[in-house]
Amino acid sequence: MIILSEKLARERGVAEVLDFFERNRQFRRDTWVLVARGDPRDIMEVPVHLEVTPAQNIMGVVIRQKLSSRFSVTRLGDFVRMLESSGAEPYTAIVEAVPNTAFSSMSLRPGSTGPAPSHNIRVTGTAVFRRDRLVGWLNEKEARGLLWVRGEVLGGPVTFSLPGARGEQKLAVEILRAGRGGVKLEPYLIGGQLGMRVKIRTRVNLTESENLEVDLNNPAVVSRLEDQLAGAIKEEVVACVTRLQEEFRADTLGFGEVVHRKYPRVWRQVEKEWDDVFASMPVTVDVKTEIRRTGLINRPLRPPQKQEARFKEGGSSGGCFAGRDLHPHHSSAGTASG
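What counts as what
- Residues numbered from 1 in each chain as written.
- Predicted model: local features only at pLDDT ≥ 70, side-chain atom pairs only at ≥ 80, totals over all residues.
- Heavy atoms only, no water.
- Helix = DSSP H or I, 4+ residues; strand = E, 2+ residues; numbered from the N terminus.
- Contact = heavy atoms within 4.5 Å.
- Salt bridge = Lys/Arg side-chain N within 4 Å of Asp/Glu carboxyl O.
- Buried < 20%, exposed > 50% of the residue type's maximum accessible area, 1.4 Å probe, protein only.
- Axes fitted to C-alpha atoms, helices over the stretch in contact; angles between N-to-C directions.
- Parallel < 35°, antiparallel > 145°, perpendicular 65-115°, else oblique.
- Left-handed = near helix turned anticlockwise from the far one by under 90°.
- Nonpolar A, V, L, I, M, F, W, Y, C, P; charged D, E, K, R; others polar.
- Core = buried A, V, L, I, M, F, W, Y, C linked by side-chain atoms within 4.5 Å.

Enquirer: Honestly, the environment of Ile175 in this entry has me stumped. Any pointers?
Expert: Mapped onto the fold, Ile175 is located in strand β8 (residues 169-177). A sequence separation of 31 residues divides Ile175 from Leu206, and the C-alpha atoms of the two residues are 9.1 Å apart. Look past the residues within four positions of Ile175 in its chain and what remains in contact with it is Arg144, Trp148, Val153, Gly155, Gly156, Val158, Thr202, Arg203 and Val204.

Enquirer: For this particular structure, what's the right way to read the pattern of salt bridges?
Expert: When their charged atoms lie close together, side chains carrying opposite charge are able to pair. The full count for this structure, using the stated rule, is 21 salt bridges. As a salt-bridge pair, Arg28 and Asp30 come within 3.3 Å of each other at their nearest N and O atoms. Accessibility expressed as a relative area gives 60% for Arg28, which makes it exposed. Among the ionic pairs, Asp275 bridges to Arg131, the shortest N-O distance being 3.1 Å. Within this pair, whereas Asp275 is found in helix α10 (residues 274-280), its partner Arg131 is found in the loop between β5 (119-130) and β6 (133-138), the two being separated by 144 residues in sequence. On the basis of relative accessibility, which here comes to 19%, the residue Asp275 falls in the buried class. One continuous salt-bridge network, built from bridges that share partners, spans Glu89, Arg131 and Asp275.

Enquirer: I tried to follow the packing of helix α2 (residues 15-23) against helix α5 (residues 76-84) on my own but got confused; where do I start?
Expert: To describe two helices that pack against each other, one gives the angle between their axes and the distance between the axes. One can describe the packing of α2 onto α5 by two numbers: an axis separation of 11 Å at closest approach and a directional angle of 130°. By the angle class used here, α2 and α5 are oblique. As α2 packs across α5, the resulting crossing turns out to be left-handed. Packed against α2, whose contacting residues are Ala15, Leu18, Phe21 and Glu22, the element α5 presents Leu76, Phe79, Val80 and Leu83 at the interface. Each residue belonging to the contact of α2 with α5 can be placed in one class, and the counts come to seven nonpolar, no polar and one charged.

Enquirer: Help me understand the nonpolar core in this model?
Expert: It is characteristic of soluble globular proteins that their nonpolar side chains tend to be buried jointly. Grouped together as the largest cluster of nonpolar side chains are 68 residues, with contacts concentrated most on Trp148, Leu194, Leu253, Phe255 and Trp274. It is helix α7 (residues 219-248) that provides the largest number of residues to this core, a total of twelve residues. Membership of the second largest hydrophobic core comes to 17 residues, among which are Val14, Val33, Val80 and Phe129.

Enquirer: Help me understand unusual backbone geometry, please; the structure alone is not making it clear to me.
Expert: Residues apart from glycine generally show negative phi values, whereas peptide bonds are mostly found in trans. Positioned with a positive phi, Arg131 is a non-glycine residue whose angle comes to about 60°. We classify Arg131 as partly exposed; its relative accessible area is 46%. With phi around 50°, Arg249 is a residue other than glycine that occupies positive phi space. Given the relative accessible area of 33%, Arg249 is considered partly exposed.

Here is the structure:
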């Protein structure tokens, strides 16, 4: 993997550095490119326990977080292709060393299992480039919106809320199918202005429900859950598009490539000023979800409603054991009358 410093990416640009890796036959095009928030030496000096080298430690972190489809890690070949394209800007994941909340001086005592590291390596966002310079970050929510549009969501959980009598309660689903086959970008031209329709289709399984009023046997309830989930996914996409258009003016979504394929003549007119055209382009998002399975439990787990037995000393009214001898083998002299 190649780790680029934030300072280099912001001030100098990454074209010169990546040109060396692209030309050198010792480096494969599927090598990961990452951006380090802060000094890369801080990341490389985080101690490792199971892995042999810091690079293997970082690779393990990236693989685990990539499976959740929350942050995008771009390979060298794809990064260079986007860098050379006039219709898509590069992006990749951010790594940094964050304080370890499990660190304690108690672990330094003799006989302990070993000192916990003071910092851990985490993937904390997505770096957005314009040309070859870093212009900003996308947070977790915005980064997944980028992955939805790019067709790179291959799995992972999605959490959303459902209003109920007891307030907002959360539900969680596991993504089954999305990817490139679940996303369709449709550019259109109205009155000389370009626009984009983003259509997303995905299938999920319900994995967790906190709402005790949800009856998963009712098709109307399941349809309502699908609408709420579609709204949560749409919110992620809209947050990403808004940030890229209004703040960064960087088309990491690849809208320019789609416009080029459908309207080549129009693209030749707007190619040199695509940053401005992209920033003002209206974007509509349409999301449809399908909940395939809800599990073997139709309703969330709840404790049974038990009626507590009440005893009244000295009276027979309301006692559930009234008139019965609780100790039949003993004399009645020591028992209380019910």
